[in-house]
Amino acid sequence: MASLNVGNLGEYLREQRRQAQLSLRQLAEAAGVSNPYLSQIERGLRKPSADILQQLAKALRISAETLYVQAGILDERDRDEVETRAVILADPSINERQKQVLLQIYESFRKENALDAPQISDVPDVPDVLDVSDASDAPAGEMPPKTN
């Protein structure tokens, strides 16, 4: 588990709150935390628990995973995946059922592509150094035939 990066989390939360056009008091009330506590989180003075982050994410209508990554609770195992999920979940033009279906399709594609990705054992051996001892005999722009 990574160490908490509370300063960046606070800045991120403040930006998300402003984008949602919520006052500190409104977000605190929606998340079920006190104004002073939320202010301390935003200023980087407090380390919120995963439960508090989840409450804040719900109130801000963003992915809790996104806040976990910002807080350093989750490693940046795949930031693109987290961000993609967050964008889907935050899209106001689709309903909750459609969001869940999209996430299921997205996850199935990721699994399929992970299975199709070449494994280390599937990759042929590649020499570390190219043999260019006969390069002077090769026509310009061509490499000599490799001899083993």
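Treat the numbers as computed from the prediction; the structure is a model and nothing was measured.

K.L.:
Describe helix α4 (residues 50–60), with residues and values.
P.N.:
Within the span of α4, buried status applies to I52, L53, L56, A57, A59 and L60. For α4, the angular spread of the buried residues around the axis is 165°, confining them to a single face. Exposed side chains of α4 directed beyond 90 degrees from the buried face belong to D51 and K58. Within two residues after α4, R61 carries a phi angle of roughly 60°, on the positive side.

K.L.:
Can you explain the environment of A71? Please cite residues and give values.
P.N.:
Summarising the element assignment, A71 is placed in helix α5 (residues 64–71). Considering only alpha carbons, one finds A71 and N8, 63 residues apart in sequence, at a separation of 7.5 Å.

The rules we used
- Along each chain, residues carry numbers from 1 onward, in the same order as the chain's sequence is written.
- Where totals are concerned, whole chains, interfaces and linings use all residues; where local detail is concerned, this predicted model gives features only for residues with pLDDT of at least 70, and gives and counts side-chain atom pairs only at 80 or more.
- Note that the side-chain values use all heavy atoms of the structure and ignore hydrogens as well as water.
- For every residue, the accessible area (1.4 Å probe, protein chains only) is compared with the maximum for its type, and the residue is labelled buried under 20%, exposed over 50%, or partly exposed between those bounds.
- Each helix corresponds to a stretch of at least 4 residues labelled H or I by DSSP, and each strand to a stretch of at least 2 residues labelled E; elements are numbered beginning at the N terminus.
- Throughout, the arc means the angular range of directions from the helix axis out to the C-beta atoms.

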